[in-house]
Amino acid sequence: MKRLTSNISSAYLEAANKLRPKTKKRKIVAYVESYDDIFFWRSVLSEFEDDTTEFEVMLPSRTNLNRGKKTAMMNHLGSSLGGYMIACVDADMDYLLQRHTPNSQRMLDNPYIIHTYAYSIESFQCYAPSLHNVCVMATLNDRNIFNFEEYLKQYSEIVYELFVWVVWLHRRGRYNDMPLTNFNNIIAIEQLNINNPAEALERVRRSVNRKLAWLQQHVKEAKGKLTPLKEELEMLGVKRETTYMFIQGHHLLENVVAAAIDPVCTILRRQREKDIKMLAGGNYQQMNNELSCYSHSQFQPAQIIRRNTQYKESEAYQMLRSHIENFLHSHSR
């Protein structure tokens, strides 16, 4: 009964589009995983709207509160996806698993499922070249006191070898040898000093090297098989210096990027407040008014980064863009 309802829904949407005058836009419904995804996919899909095509981004169910990737890709929508109804989801590990699991095969083989290529929307929001601007928007202070690009480049190079192991193990269903939670704990940034980030990065390096030594000793059948996997992963967009884009997005945001952004924004705010106090020249009323004005003009970094759209130069976004272009070309009227 559910499948019948689903087919009727899809047929109705397609028929409604056909009944529109030729000058009317074709509407494509894009189902996404959760509330946070709506703004991201609206920002992405807006680029492809013109006088012939428009998108409507919505949660995957109008009848209940079910959300998530599985609901967006399948559930009662599974038989409905088509030229007028698509799913837009996080790639997670499914892209790099390259059909070695049922979920990966389902995502990659369905032409009506668009995925992020990077691990998730948070990966784009944490795109290194955009993070200085995130701090500027949050603090209204343009002083550049931390090199986010170098920080994430070094971090990526440190975690790269272990990340390759994760992909190799997960492609073989050996999740217990390296669960993602374990991997995330090993590569977490702790007690970052933005004046000396090398200390925190070195702690991560030591943790990674210990786990690599354990894997090399206990998983001997991987010998000689990681090099070709690295070559394949590079073809898929995973570079040693940009590995951060493919690790779990929430971990990247909360345990790597926020570890740097939060203290940077704190320092930038204090610098701006110090400037205001100095420029007030002892005029306390003017100083308090200006400090109040500045306080009300600020935003929390977490608010800004979740609205960050300055990721469109990333390689992963270019792959996502090509995917959408190919879909639209294949299903043009």
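How each quantity is defined
- Residues numbered from 1 in each chain as written.
- Predicted model: local features only at pLDDT ≥ 70, side-chain atom pairs only at ≥ 80, totals over all residues.
- Heavy atoms only, no water.
- Phe/Tyr/Trp six-rings, centres within 6.5 Å; stacked < 30°, edge-to-face > 60°.
- Helix = DSSP H or I, 4+ residues; strand = E, 2+ residues; numbered from the N terminus.
- Lys NZ or Arg CZ within 6 Å of the ring centre and 35° of its normal.
- Axes fitted to C-alpha atoms, helices over the stretch in contact; angles between N-to-C directions.
- Parallel < 35°, antiparallel > 145°, perpendicular 65-115°, else oblique.
- Left-handed = near helix turned anticlockwise from the far one by under 90°.
- Contact = heavy atoms within 4.5 Å.
- Nonpolar A, V, L, I, M, F, W, Y, C, P; charged D, E, K, R; others polar.
- Buried < 20%, exposed > 50% of the residue type's maximum accessible area, 1.4 Å probe, protein only.
- Pairing = 2+ DSSP bridges.
- Salt bridge = Lys/Arg side-chain N within 4 Å of Asp/Glu carboxyl O.
- Disulfide = S-S within 2.5 Å.
- Polar contact = N/O pair within 3.5 Å; in protein donor to acceptor, adjacent residues only side chain to side chain.

In the structure shown here, the tally under the stated rule is 12 aromatic pairs. Each ring, one from Trp165 and one from Trp168, has its centre 6.2 Å from the other, and the planes form 75°; the classification is edge-to-face. Of this pair, Trp165 and Trp168 both sit in helix H8 (residues 148-171), 3 residues apart, roughly one helical turn. Three or more aromatic residues joined by ring pairs make a cluster, and in this case those are Phe40, Trp41, Phe124, Tyr311 and Tyr317. When the ring centre of Phe39 is taken as origin, the NZ or CZ atom of Arg307, which lies over that ring, is 4.9 Å away.

Further remarks concern the packing of helix H2 (residues 35-45) against helix H15 (residues 315-330). Running from N to C, H2 and H15 cross one another at 70°; their axes reach a closest spacing of 11 Å. As far as their axial angle goes, H15 and H2 are roughly perpendicular. Taken as a pair, H2 and H15 cross one another with a handedness that is right-handed. Facing Phe40, Trp41, Val44 and Leu45 of H2, the residues of H15 in contact are Tyr317, Leu320 and Ile324. Of the residues assigned to the contact of H2 with H15, the class counts are 7 nonpolar, no polar and no charged.

Turning our attention to the pairing of strand S1 (residues 26-31). A large share of S1 lies buried, amounting to 5 of its 6 residues. In this sheet, strand S2 (residues 53-58) lies alongside S1 in parallel orientation, the contact comprising 6 bridges. Bridging from a neighbouring strand, Tyr31 pairs with Met58 of S2. One ladder, built from 3 bridges, connects S1 with strand S3 (residues 85-89); its direction is parallel.

Here we come to the pattern of salt bridges. Per the stated rule, a full pass over the model turns up 18 salt bridges. Across the pair Asp275 and Arg272 runs a salt bridge whose closest N-O atoms are separated by 3.5 Å. Residue Asp275 and its partner Arg272 are located together in helix H12 (residues 249-280), separated by 3 residues, close to a single helical turn. A relative accessible area of 15% places Asp275 in the buried class.

Another point: the state of the cysteines. With the rule as written, the count across this model stands at 0 disulfides. Free of any disulfide, Cys135 has its nearest neighbouring cysteine sulfur in Cys265, separated by 3.9 Å. Cys135 sits in the buried class, given a relative accessible area of 1%.

A separate point is the environment of Met319. Within the fold, Met319 resides in helix H15. Once the C-alpha coordinates of Met319 and Thr116 are considered, the two residues, 203 residues apart in sequence, prove to be 8.4 Å apart. Apart from residues no more than four positions distant in its own chain, Met319 is found in contact with Tyr95, Tyr117, Leu236 and Gly237.

Okay, the environment of Ser156 next. Turning to its location among the elements, Ser156 is positioned in helix H8. Looking at Ser156, the relative accessible area reads 0%, which means it is buried. For the pair Ser156 and Tyr244, spaced 88 residues apart in sequence, the C-alpha to C-alpha distance is 5.3 Å. Once residues lying within four places of it in the same chain are set aside, the contact partners of Ser156 are Arg240, Glu241, Thr242, Thr243 and Tyr244. Of note is the side chain of Ser156, whose polar atom sits 3.3 Å from the backbone nitrogen of Thr243. At 3.0 Å, the side chain of Ser156 and the backbone nitrogen of Tyr244 are in polar contact.

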